[in-house]
There are 2 protein chains.
Amino acid sequence: MNKIGNYRFVAEPFHVDFTGRLTLGVLGNHLLNCAGFHATERGFGMATLNEDNYTWVLSRLAIEMDEMPRQYEDFSVQTWVENVYRLFTDRNFAVVDKDGRRIGYARSVWAMINMSTRRPVDLLEMHGGSITDYICDEPCPIEKPSRIKVKSTETACTLRARYSDIDVNGHVNSIRYIEHILDLFPLDFYRTRRVRRFEIAYVAESYYGDLLSFYIDEEEDGRYAVEIRKKGTEGEEPVCRASVTFV
Amino acid sequence: MNKIGNYRFVAEPFHVDFTGRLTLGVLGNHLLNCAGFHATERGFGMATLNEDNYTWVLSRLAIEMDEMPRQYEDFSVQTWVENVYRLFTDRNFAVVDKDGRRIGYARSVWAMINMSTRRPVDLLEMHGGSITDYICDEPCPIEKPSRIKVKSTETACTLRARYSDIDVNGHVNSIRYIEHILDLFPLDFYRTRRVRRFEIAYVAESYYGDLLSFYIDEEEDGRYAVEIRKKGTEGEEPVCRASVTFV
């Protein structure tokens with residue numbers, strides 16, 4: 001079986017923003033679905049794992065786009081495994097436009113956990129390490145996810161996690177954080193610029209009813225660092241950190 | 001060409017709620033896409049119309065479900081034109097589960113407008129009334145959209161329309177209203193009950209930055225009436241009205 005998965009999509013009307021381009025949240029959703037399809041087809045997908053009481057957990061995601069597909073345009077997503085370590089695996093993506101041109105890339109980092117203990121699993125031991133058979137040296141010419149730090153102590157916005165934020169695991173879903181973070185910026189940002197790179201590191205889960213506070217630092221070259229925190233028993237604790245670069 | 005369009009889907013992981021069932025917002029999105037596919041295949045879709053400076057406007061939508069597809073399940077949507085009047089057309093839908101069983105239906109009412117004048121178009125005159133060739137008497141055994149009235153004068157919630165709410169026409173998109181309305185109800189509602197019927201009537205457009213106020217009346221038999229209003233130059237004006245029935 002080919003090491004690279006290839007999946008076709010079309011940019012649907014409710015999946016584009018006011019500029020008529022696919023939203024980053026929807027693209028992120030497609031990427032994570034492709035990760036699932038690719039893994040399932042090769043015997044290490046969620047459904048198989050769930051039976052064995054294991055699940056994949058997304059740790060980091062970085063997306064960098066030269067441009068976004070326009071409304072009604074076909075595009076496809078390619079995905080492959082770049083590396084497998086004991087506790088993490090790197091999965092990369094390329095986004096290919098209707099003419100076969102690569103218009104962007106993404107990198108993701110995943111861990112596998114035991115759902116009873118919530119402890120990470122040794123990937124090199126899972127299924128005799130067979131996941132390593134799919135390692136592939138396809139190029140992914142974007143930077144790896146970086147370490148994001150936010151200094152601001154002033155809340156830019158707060159919101160309470162609601163019904164539509166919650167996924168089947170009872171957590172605020174990974175894509176909703178992306179949408180909420182992009183909603184921090186005024187519409188004019190998107191009118192005159194576009195998001196060139198978006199990265200996010202998932203630190204802890206949040207749940208229905210959690211009050212999420214958003215902190216934001218403006219950095220150089222159109223880059224913004226964002227941290228989402230939730231109220232915990234001992235003050236606020238980080239839920240995720242993101243970096244958004246506008247060009 | 002067959003009068004009934006048929007389109008296949010799968011319930012993706014980020015498209016199900018915490019109970020593992022497809023969300024109503026995503027189903028609504030699929031329905032509206034199917035309306036678009038069906039119309040386009042028959043020569044009266046958005047793209048064709050846009051060239052002629054016309055566009056479809058969704059006026060009402062009612063969805064009634066016996067059950068929702070589960071995560072990873074295949075399902076399909078059938079759609080057809082029930083009636084064409086001078087200013088409106090009725091389009092119906094059936095949702096078919098993986099075993100070919102109809103698990104729900106939807107009704108929608110559309111107008112066509114001239115994009116320059118924003119005035120409605122006479123559908124019986126458009127393209128020589130050729131849309132009437134597709135009228136079909138397939139049964140749709142759910143009630144037509146009703147007239148919804150909200151008496152409450154107390155705001156249940158307010159929110160400001162943000163980047164992710166806005167579609168390519170610069171309006172808050174039809175699906176986002178559905179999601180915001182369902183977010184009015186606590187998670188426990190969805191744990192112990194489910195939405196049997198959802199209807200919405202779109203009254204006026206809202207835009208980026210608009211402050212949307214939500215008013216809600218509890219009626220009988222698990223039914224709630226919701227109105228969204230926006231601040232206008234002369235006080236608040238209605239944007240849309242919905243009725244949500246839990247069973």
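Residues numbered from 1 in each chain as written. Chains lettered and ligands numbered in written order. Predicted model: local features only at pLDDT ≥ 70, side-chain atom pairs only at ≥ 80, totals over all residues. Heavy atoms only, no water.

(A) Quick look at the interface of chain B and chain A. On the chain A side, the residues contacting the 35 residues of chain B number 35 residues. Here chain B packs against chain A, burying approximately 3200 Å² in sum over the two surfaces, 56% of which is carbon and sulfur. Taken together, the connections running from chain B to chain A amount to 2 salt bridges. In this structure, Glu-179 of chain A engages Arg-176 of chain B in a salt bridge whose closest nitrogen and oxygen atoms are separated by 3.4 Å. Our enumeration of links across chain B and chain A arrives at 15 residue pairs in polar contact (both at pLDDT 80 or more). Every element with two or more residues in the side of chain B that touches chain A is listed here: α1 (24-41), β6 (155-160), α3 (174-182) and α4 (187-192) of chain B. Sort the elements by how many residues they give to the side of chain B that touches chain A and α3 of chain B lands first, with 6 residues. A class-by-class count of the residues in the side of chain B that touches chain A yields 19 nonpolar, 9 polar and 7 charged. (Contact = heavy atoms within 4.5 Å. Buried area = accessible area lost by both parts, 1.4 Å probe. Salt bridge = Lys/Arg side-chain N within 4 Å of Asp/Glu carboxyl O. Polar contact = N/O pair within 3.5 Å; in protein donor to acceptor, adjacent residues only side chain to side chain. Helix = DSSP H or I, 4+ residues; strand = E, 2+ residues; numbered from the N terminus. Nonpolar A, V, L, I, M, F, W, Y, C, P; charged D, E, K, R; others polar.)

(B) Region of interest: the relation of the copies chain B and chain A. For the pair chain B and chain A, the superposition axis carries a translation of 0.0 Å, the fit reaches an RMSD of 0.0 Å, and the rotation angle comes to 180°. What the superposition gives is, in effect, a two-fold axis relating one chain to the other. Residue Leu-159 of chain B of chain B places its C-alpha closer to the rotation axis than any other residue of that unit, at 5.1 Å. (Least-squares fit on C-alpha atoms with pLDDT ≥ 70 in both.)

(C) How the structure looks around α3 of chain B. Residue and element names in this part refer to chain B. For α3, a buried count of 9 out of 9 residues is recorded, marking the element as mostly surrounded by other parts of the structure. Regarding α3, the residues found buried are Ser-174, Ile-175, Arg-176, Tyr-177, Ile-178, Glu-179, His-180, Ile-181 and Leu-182. Put simply, Asn-173 is the residue that caps the front of α3, since its side-chain oxygen is 2.9 Å from the backbone nitrogen of Ile-175. (Buried < 20%, exposed > 50% of the residue type's maximum accessible area, 1.4 Å probe, protein only.)

(D) How the structure looks around the environment of Arg-107 of chain A. All names here are of chain A. Note on placement: Arg-107 falls in strand β5 (residues 102-114). By relative accessible area, which is 9% here, Arg-107 ends up buried. Counting along the chain gives 11 residues from Arg-107 to Val-96, while the straight-line C-alpha distance between them is 15 Å. Those residues in contact with Arg-107 that sit more than four places away from it in its chain are Arg-60, Leu-61, Ala-62, Glu-82, Arg-91, Asn-92, Cys-140, Ile-142, Glu-143, Lys-144 and Pro-145. Reaching out from Arg-107, the side chain makes a polar contact with the backbone oxygen of Ile-142 at a distance of 2.8 Å.

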